[in-house]
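Spelled out from the first residue to the last, the chains are:
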Amino acid sequence: MPQNVERLSAKFAHPGLRFTTGRGGLVKAVVETAKAQGEIYLHGAHVTHFAPSGQAPVLWVSEQSWYEPTKPIRGGIPICFPWFGGHPSAPSQPSHGTARITTWEVTAVEAAADDGVAISLQNAIHPFQVTYRVEFGTELQLTLTVELPDTAPSPARYEEALHTYLAIGDIHQTRIEGLESTAYIDKVAGGDRQPASGEAIRFSGELDRVYLNTSGACRIFDPLAQREIRISKSGSQSTVVWNPWIGKSDKMPDFGAQEWTGMVCVETANVGDNAVEIAPGSAHTMTAKIQLQ
Ligand SMILES: O=P(O)(O)OC[C@H]1O[C@H](O)[C@H](O)[C@@H](O)[C@@H]1O
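As named in an unreviewed UniProt entry, the protein chain is Putative glucose-6-phosphate 1-epimerase, taken from Aureliella helgolandensis. Taken directly from UniProt, the Catalytic activity (unreviewed entry) text for the protein chain runs: "alpha-D-glucose 6-phosphate = beta-D-glucose 6-phosphate". If you open the UniProt record of the protein chain and go to Sequence similarities (unreviewed entry), you find "Belongs to the glucose-6-phosphate 1-epimerase family."

Caption draft 1: Local environment of empty space enclosed by the protein. Scanning the entire structure with this criterion turns up one cavity of 30 Å³ or more. The volume enclosed by the largest cavity comes to roughly 40 Å³. Looking at the largest cavity, the residues that line it are Gly 216, Ala 217, Cys 218, Ile 231, Lys 233, Thr 239, Val 266, Glu 267 and Thr 268. Taken together, the elements giving at least two residues each to the lining of the largest cavity come down to strand S19 (227-234) and strand S21 (263-270). The leading source of residues in the lining of the largest cavity is S21, at three residues.

Caption draft 2: How the structure looks around the pattern of salt bridges. Enumeration over the complete set of coordinates arrives at 12 salt bridges. Residue Glu 110 is joined to Arg 133 by a salt bridge in which the shortest nitrogen-to-oxygen separation is 3.3 Å. With Glu 110 in strand S6 (residues 105-112) and Arg 133 in strand S8 (residues 128-136), this pair connects stretches of sequence that are 23 residues apart. Judged by relative accessible area, Glu 110 falls into the partly exposed class, the value being 32%. You can call Arg 133 partly exposed: its relative accessible area is 26%. With a shortest N-O distance of 4.0 Å, Arg 157 and Glu 277 are connected by a salt bridge.

Caption draft 3: A look at the sheet that holds S6. The strand order S6-S7-S8-S9-S23-S19-S18-S13-S16 describes an open sheet built from nine strands, whose pairing is antiparallel. Of all strands in the sheet, those with a lone pairing partner are S6 and strand S16 (201-202), marking the two edges.

Definitions and cut-offs
Residues numbered from 1 in each chain as written. Predicted model: local features only at pLDDT ≥ 70, side-chain atom pairs only at ≥ 80, totals over all residues. Heavy atoms only, no water. UniProt positions renumbered as here; feature names shortened; annotations may be inferred. 1 Å grid on protein atoms, 1.4 Å probe; cavity = no way out; pocket = protein on both sides within 12 Å on 5 of 7 lines; lining within 4 Å. Points joined across faces, edges and corners; volume = space filled by probe spheres on them. Helix = DSSP H or I, 4+ residues; strand = E, 2+ residues; numbered from the N terminus. Salt bridge = Lys/Arg side-chain N within 4 Å of Asp/Glu carboxyl O. Buried < 20%, exposed > 50% of the residue type's maximum accessible area, 1.4 Å probe, protein only. Pairing = 2+ DSSP bridges.

Structure (structure tokens):
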């Protein structure tokens with residue numbers, strides 16, 4: 001049975017969470033508790049807002065974003081799955097997979113720790129069964145579980161990313177710590193492999209890096225907004241860092257002219273050499289926890 005606001009509201013009534021029609025007529029859940037505000041669209045299971053009470057939004061969303069069933073939302077937390085970037089063999093397939101442009105089914109809404117509220121969703125993306133639990137508390141906790149049914153004929157491989165767009169005061173002043181000792185693929189330099197830089201990441205032009213074999217937390221220091229965002233994770237061996245700067249964002253119709261100065265992506269991922277392979281009847285879970293320090 002198709003999900004609509006009335007049916008969802010009747011089935012999953014819970015204090016602090018309500019279903020409503022969002023932009024473009026797409027259905028979303030809105031969270032308002034004593035500790036936090038948030039929202040998630042069923043389209044893409046896309047978290048588009050999170051803020052602990054009294055704080056400015058932690059996530060950035062473009063004013064120019066599409067809100068259409070066939071297009072990804074620009075900002076928030078798109079789920080890239082089951083591939084990252086272009087499809088490995090079929091270039092006409094959508095960038096970053098189909099998870100972010102299909103409607104997810106809500107399976108549960110429940111109370112979570114710390115006066116929070118959690119929503120769970122699922123999506124069948126052949127050959128996988130995917131579940132996503134989003135816990136809105138003082139922190140935002142994301143749990144993405146990919147299962148390969150035991151009826152599958154052979155093991156299957158996938159890539160994934162919680163492509164988190166963070167709202168920052170000014171990219172020129174922002175620095176990211178936690179990846180100093182990790183080698184990376186420089187996508188701006190055509191995919192060259194670079195050794196660990198030994199330094200915090202700072203931004204002075206387009207930056208698009210895939211850090212491999214790293215399971216540690218990142219700290220995003222934002223002096224203009226006078227705050228620090230911490231992203232910790234489990235089940236993830238890659239971290240992607242991206243800011244498109246002027247030239248690339250100018251070419252994107254869903255990106256406002258000066259918006260690139262107020263965002264940075266720090267993506268909890270398993271991509272490239274870190275793609276995940278699972279056997280029939282098994283599952284893999286990746287988590288990310290996003291918090292203000
Ligand atoms: O425009 P999209 O398909 O949403 O991709 C946006 C960006 O996602 C990731 O961060 C990739 O590393 C970038 O190369 C890409 O440009």
